[in-house]
Amino acid sequence: MKNSTQQRFSIQENKPVDWFEPLYAGSNKAGDGVPWATMDTHPSFKRWLAKNPLVGGAKAALVVGCGMGDDAIELERLGFVVTAFDVSHTAIKLCKERFPQSKVSFVQADLLQSQGQWANKFDFVLEIYTVQALPPKYEHQLIENIAGFVAGCGKLLVIAEVGNNQRDFANGPPWLLTPKHIDSFVSHGLSLQNTDLQGTQTYVTVFENTK
């Protein structure tokens with residue numbers, strides 16, 4: 001039996017990404033109705049940047065599940081050449097409408113599908129809340145695909161909410177991760193650099209591809 005949030009957004013475990021397009025299609029450039037739309041750089045990313053300044057230097061960056069596009073714009077401001085993707089066509093359309101002067105490459109793509117064109121391509125990869133927005137049965141595949149985007153000597157920043165509840169379809173969304181998600185990224189060839197706890201449940205973790 002679906003919980004109230006699953007019913008509200010018509011979320012199906014075996015069609016995990018289908019609920020995103022209707023959500024964004026019912027929104028606008030102000031992000032109305034999109035629960036995670038802050039319309040600014042994500043607060044946790046902003047706090048991390050305050051302690052860990054980045055200089056892009058025309059290096060390649062990727063934003064996973066870019067939503068309304070603000071984090072991609074911040075990376076562009078820092079000097080990265082940015083690609084940002086979302087599974088929702090409308091989300092990408094809204095990004096382009098919001099930031100018409102930006103050189104960010106906003107593209108539609110599905111994280112659950114192979115994206116071989118981006119394999120080991122990016123010097124900096126940003127992942128915020130995407131894994132927890134999809135049913136737990138896809139966690140391994142999502143993490144494997146994200147880890148595969150990181151270039152040799154590149155870094156991956158993962159911002160995730162972590163809880164104690166069992167990762168079960170009935171308990172989300174969001175399907176909060178467990179601390180074991182860190183080990184999962186490491187198991188896919190990345191080296192753990194550091195992890196910080198913001199508040200009581202937000203993990204901010206940096207990985208590096210040391211290959």
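Read on for a plain summary of the structure. (Residues numbered from 1 in each chain as written. Predicted model: local features only at pLDDT ≥ 70, side-chain atom pairs only at ≥ 80, totals over all residues. Heavy atoms only, no water.)

## With respect to unusual backbone geometry
Here comes step 1: Even without glycine at this site, Ser10 takes up a positive phi of about 55°.
Here comes step 2: The backbone of Ala58 sits at a positive phi, close to 65°, despite the residue not being glycine.
Here comes step 3: Looking at where Ala58 falls in the secondary structure, it is placed in the loop between α3 (43–51) and β1 (60–64).
Here comes step 4: In this structure Ala58 comes out as exposed when scored by relative accessible area, which is 55%. (Helix = DSSP H or I, 4+ residues; strand = E, 2+ residues; numbered from the N terminus. Buried < 20%, exposed > 50% of the residue type's maximum accessible area, 1.4 Å probe, protein only.)

## A look at the packing of aromatic side chains
Here comes step 1: Scanning the entire structure with this criterion turns up 14 aromatic pairs.
Here comes step 2: Here the aromatic rings of Phe9 and Trp19 are separated by 5.5 Å at their centres, their planes lie at 50°, and the arrangement is tilted. Pair noted here: Phe9 is in helix α1 (residues 4–9) and Trp19 is in the loop between α1 and α2 (20–25), with a separation of 10 residues, a long-range link. Trp19 matches Phe9 in its accessibility class, with the two residues each being buried. (Phe/Tyr/Trp six-rings, centres within 6.5 Å; stacked < 30°, edge-to-face > 60°.)

## A look at the side chain of Thr41
Here comes step 1: Relative to the elements of secondary structure, Thr41 occurs in the loop between α2 and α3.
Here comes step 2: Residue Thr41 is classed as buried on the basis of its relative accessible area of 8%.
Here comes step 3: Once you skip the residues sitting within four places of it in the chain, Thr41 turns out to touch Lys46, Asp70, Asp71 and Glu74. (Contact = heavy atoms within 4.5 Å.)

## Focus: the pairing of strand β7 (residues 202–208)
Here comes step 1: Buried residues dominate β7, accounting for 6 of its 7 residues.
Here comes step 2: The sheet contact formed by strand β5 (residues 150–161) and β7 spans 7 bridges and is antiparallel. Bridge pairing in β7 places Leu156 opposite Phe207.
Here comes step 3: Remark: 3 residues form the turn of the hairpin made by strand β6 (residues 191–198) and β7, two consecutive strands paired antiparallel; Gly199 in that turn has positive phi of roughly 70°. (Pairing = 2+ DSSP bridges.)

## What about the sheet that holds strand β2 (residues 81–86)?
Here comes step 1: Reading across the sheet, the 7 strands line up as β3-β2-β1-β4-β5-β7-β6 and stay open at both edges, with mixed pairing between neighbours. A single partner strand is all that each edge strand has here, and the edge strands are β3 (105–108) and β6. Neighbouring strand axes in the sheet, compared pairwise and without regard to direction, differ in orientation by 15° on average. (Axes fitted to C-alpha atoms, helices over the stretch in contact; angles between N-to-C directions.)

## Looking at the packing of helix α6 (residues 139–147) against helix α7 (residues 180–187)
Here comes step 1: Interaxial distance between α6 and α7 falls to 9 Å at its minimum, and their mutual angle equals 50°. The angle between α6 and α7 places the two elements in the oblique class. Read as a crossing pair, α6 and α7 show a hand that is right-handed. Residues Glu139, Ile143 and Ile146 of α6 pack against His181, Ser184 and Phe185 of α7.
Here comes step 2: The class makeup of the residues in the contact of α6 with α7 is 3 nonpolar, 2 polar and 1 charged. (Parallel < 35°, antiparallel > 145°, perpendicular 65-115°, else oblique. Left-handed = near helix turned anticlockwise from the far one by under 90°. Nonpolar A, V, L, I, M, F, W, Y, C, P; charged D, E, K, R; others polar.)

## Digging into α7
Here comes step 1: Among the residues of α7, those classed as buried are His181, Ile182, Ser184 and Phe185. When α7 is viewed along its axis, its buried side chains cluster within an angular range of 160° and face the same direction. Those residues of α7 that are exposed and angled more than 90 degrees off the buried face are Lys180, Asp183 and Ser187.
Here comes step 2: Buried residues along α7 sit against α6, β5, β6 and β7.
Here comes step 3: Positive phi shows up at Gly189, right after α7, with a value of about 95°. (Arc of directions from axis to C-beta.)

## A few points about the pattern of salt bridges
Here comes step 1: As enumerated under the stated definition, the model contains 6 salt bridges in all.
Here comes step 2: The closest approach of N and O atoms between Arg167 and Glu139, which form a salt bridge, is 2.3 Å. Remark: Glu139 occurs in helix α6 and Arg167 occurs in the loop between β5 and α7; sequence separation between them is 28 residues. As far as burial versus exposure is concerned, Arg167 and Glu139 are alike and both buried.
Here comes step 3: Across the pair Glu208 and Lys155 runs a salt bridge whose closest N-O atoms are separated by 3.4 Å. Linking Glu208 in strand β7 with Lys155 in strand β5, this pair joins segments that are 53 residues apart in sequence.
Here comes step 4: For Glu208, a relative accessible area of 16% gives the class buried. (Salt bridge = Lys/Arg side-chain N within 4 Å of Asp/Glu carboxyl O.)

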